[in-house]
Amino acid sequence: MSNSLHTKLQFWDKPYQQAEAMTFIKAMKQATPGTLGEWYQLAIELKATGEMIDDCAFCIADDGQQAEIGFTRSQTHQKKAMLLRL
């Protein structure tokens, strides 16, 4: 999912090295989702294939009253309906 269309609005340097990605994944595994003022990011994969097709990041404001959320979907899965099961 690392192409210029998807990465132009992201915070990381391009290209994003695999070692950096692994460090980031480890940090997200140790983070607590919903911590006020902190971003949390997760991958979304197709259950049938395990292919990562999307990512979602969110941050709840320090006051706990507002949140920001963002999605990036791989080009091959854009414009397709998706059901999210939690």
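Summarised in this report is the structure supplied together with it. Every value quoted in this text rests on a predicted model; they were computed, and no experiment measured them.

1. Observations concerning the overall build of the chain
Along the chain, the regular secondary structure elements total two helices and three strands. Helices and strands in the chain line up, N terminus first, as α-α-β-β-β. The proportion of buried residues among the 86 residues of the chain is 20%. Nonlocal contacts in the chain, meaning residues at least 24 apart in sequence, comprise 35% of its contacts between residues at least 6 apart.

2. A short note on the pairing of strand E3 (residues 67-73)
As paired elements, strand E2 (residues 52-60) and E3 share seven bridges and run antiparallel to each other. Bridge pairing in E3 places Ala57 opposite Gly70. Connecting E2 to the next strand, E3, in antiparallel fashion are six residues, including Gly64 with a positive phi near 75°.

3. As for the packing of aromatic side chains
In total, this model carries one aromatic pair according to the counting rule given. A ring pair is formed by Tyr40 and Phe58, whose centres lie 5.8 Å apart and whose planes are at 50°; its orientation type is tilted. Of the two residues, Tyr40 is situated in strand E1 (residues 39-45) and Phe58 in strand E2; the sequence distance between them amounts to 18 residues.

4. Here we look at the pairing of E2
Burial runs high along E2: seven of the nine residues are buried. Turn length for the E1-E2 hairpin, with the two strands adjacent in sequence and antiparallel, is six residues, and the turn residue Gly50 shows positive phi of about 80°.

5. Topic: the environment of Phe71
With respect to the secondary-structure elements, Phe71 resides in strand E3. When the C-alpha positions of Phe71 and Ala43 are compared, they lie 9.7 Å apart, and in sequence the two are 28 residues distant. Ignoring any residue separated from it by four or fewer positions in sequence, one finds Phe71 in contact with Ile44, Asp54, Asp55 and Cys56.

6. Overview of the sheet that holds E3
The three strands are arranged E1-E2-E3 in an open sheet whose pairing can be described as antiparallel. Of all the strands in the sheet, just E1 and E3 have a single pairing partner and so form its edges. On average, each strand axis in the sheet is inclined to that of its neighbour by 15°, with strand direction left out of account. Pairing of E1 with E2 involves seven bridges; the strand directions are antiparallel.

The rules behind the values
- Residues numbered from 1 in each chain as written.
- Predicted model: local features only at pLDDT ≥ 70, side-chain atom pairs only at ≥ 80, totals over all residues.
- Heavy atoms only, no water.
- Helix = DSSP H or I, 4+ residues; strand = E, 2+ residues; numbered from the N terminus.
- Buried < 20%, exposed > 50% of the residue type's maximum accessible area, 1.4 Å probe, protein only.
- Contact = heavy atoms within 4.5 Å.
- Pairing = 2+ DSSP bridges.
- Phe/Tyr/Trp six-rings, centres within 6.5 Å; stacked < 30°, edge-to-face > 60°.
- Axes fitted to C-alpha atoms, helices over the stretch in contact; angles between N-to-C directions.

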